[in-house]
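One-letter residues, chain by chain:
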Amino acid sequence: QVAAACRLYMQRNGDTVAGRKVELILKDDTGLAPETTKRIAQEMVVQDKVAFLAGFGLTPLAFAAAPVATEAKVPMIVMAAGTQVIPQRSPFIVRSAFTLPQTTSPIADWAFKNNIKRVFPMVTDFAPGLDAEKTFQSRFTAAGGTVVESVRTPLRNPDYAPFLQRAKDAKPDALFVFVPSGEGLAVMKQFDERGLRAAGIRMIGPGDVVDDDLLETMGAPAVGVITSFHYSAAHESPENRAYVDAMMKANNGMRPNFHSVGGYDGMHVIYEALKKTGGTGTGEQLVNAMKGMKWTSPRGPVMIDPEARDMVQTIYLREVKMVNGKPWSIEFDKVENVGPGG
Ligand code: PHB
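Residues numbered from 1 in each chain as written. Predicted model: local features only at pLDDT ≥ 70, side-chain atom pairs only at ≥ 80, totals over all residues. Heavy atoms only, no water.

Caption draft 1: Representation of unusual backbone geometry within the structure. Backbone geometry at Thr30 places phi at a positive 65°, although glycine is not the residue there. Along the polypeptide, Thr30 turns up in the loop between strand S2 (20-21) and helix H2 (34-46). (Helix = DSSP H or I, 4+ residues; strand = E, 2+ residues; numbered from the N terminus.)

Laid out in C-alpha cells, this is it:
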C-alpha cells in the first residue's frame, strides 16, 4: 500500500522536482526484524547515499532506524507506524501518518456519550497497543465510563479466542480493540464465532481493526463496528474520490488504506520540502521546511505540527455499513485539528 501510493504520487507529480531527479529505492524489511531494518537503513545511507529514508510500518522498525537518521543527518519520513514517541527518537524524523492517542481519543469520547458505559479493552502487547490502551483508559474513565477488565494479546502468533471468551464473560457494553491492521480479520472472525456479536456486545476502537485493505474480506461480521480514524477509503471529497479511483486503477482494484495515504502524504512532504529548499537543502534544512506545512490530503486537511514533527488532522467517527454489497467505513461525525497527543 505504501509503495503503491509513493508510485502514484510520482506518476501524478513527475519524477523531477526543484531540478532534482527523484528515484524510489524499495527494500523489503521482511516484517518484524529491527536488526534487518537498521542494516538496510545503514546501507541506504552509506551505499545508495539516499536523501530521505521513508516507510516504517511497525514501531520497533522506526525505533531501529532512528539512530541511523540522526547520525547521517538524513530526514526520515515515518509513513505508517503510530506510537506517539517515535519522532522524539530523532530530530530528523517527520511523520506523515498518525498516532494512536490521536486516533483513539475520539472513540473514547463518542462511546461514553452514546450509552456505552462498561468497556473491555483488548490491545496487542507492544508500544502502539499500550498507547491505545492508556489513551482509552484515561479518556473513557475521565468521562465517567468503567473499564471492566483489560487484556493484552501477544504480538507473535496470537490466538484471540481465550481473550474474547473472557471479554464475553465480563458482559461489557463494548469491546475496545487495537490490533495491528493485518490482524483485524482474525479478530473479526473470532468475535463473531465466539458469540460476542450475538450477545449484543459492540466492537469499538481506532480504525486499524477495520483496515480498508481487508474490510471486503471481513464482510458481514464487520458491519456495525464503530471506529475513529484519520482515513477511510469512503471519505467524501473530490481529492479522495480521485485518489481511490487512481489507486484502484493502478493496482488491480486494490482499495487504498490508511498506510497508503501515509505514503502518499509522505511523498508530498518530500516534494514540497525539496521545492522550498531549491533542491539543495541539507537534512536540517529539509526537516525545517517540513515544519508547519499545510495541505489538503485525500484524508482531509492536514498540517505538520512544527514542534512535534507530527500530523495535526481531522479524526472521523465511522460505522461499517454495506454499500452496494461491500462493507465500507462510512463517516458520520468528525473532530477537527486533533494533535498527536489526542
Ligand atoms: C505500529 O506502530 O507498529 C503499528 C500501528 C498501527 C497498526 C500497525 C502497526 O495498525
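On we go.
Caption draft 2: Layout of the environment of Pro101. Among the secondary structure elements, Pro101 is positioned in helix H4 (residues 100-113). If we skip the residues at most four places from it in the chain, Pro101 touches Gln84, Asp131, Thr135, Pro340, Gly341 and Gly342. (Contact = heavy atoms within 4.5 Å.)

Caption draft 3: Structural detail: the packing of aromatic side chains. Summed over the entire model, instances satisfying the criterion amount to ten aromatic pairs. Seen in terms of ring centroids, Phe229 and Phe258 are 4.8 Å apart; in terms of plane orientation they differ by 65°. Their pairing is edge-to-face. Separated by 29 residues along the polypeptide, Phe229 in strand S11 (residues 226-229) and Phe258 in helix H10 (residues 258-276) bring together distant segments of the chain. Classification of Phe229 by relative accessible area gives buried; the value is 2%. Members of the aromatic cluster, joined through ring pairs, are Tyr9, Tyr243, Tyr264 and Tyr271. When the ring centre of Phe63 is taken as origin, the NZ or CZ atom of Arg89, which lies over that ring, is 3.8 Å away. Its guanidinium or amino end placed over the ring of Trp328, Arg255 lies 3.4 Å from that ring's centre, counting from NZ or CZ. (Phe/Tyr/Trp six-rings, centres within 6.5 Å; stacked < 30°, edge-to-face > 60°. Buried < 20%, exposed > 50% of the residue type's maximum accessible area, 1.4 Å probe, protein only. Lys NZ or Arg CZ within 6 Å of the ring centre and 35° of its normal.)

Caption draft 4: Quick peek at the sheet that holds strand S3 (residues 53-55). Read across the open sheet, the three strands follow the order S3-S4-S5; overall the sheet is parallel. Single-partner strands in this sheet number two, and they are S3 and strand S5 (93-95). Each strand of the sheet is rotated relative to its neighbour by a mean of 20°, with strand direction disregarded. In this sheet, S5 lies alongside strand S4 (residues 76-78) in parallel orientation, the contact comprising three bridges. Within the sheet, the bridge partner assigned to Val78 lies in S5 and is Arg95. (Pairing = 2+ DSSP bridges. Axes fitted to C-alpha atoms, helices over the stretch in contact; angles between N-to-C directions.)

No statement about biological role is implied by the geometric values presented.
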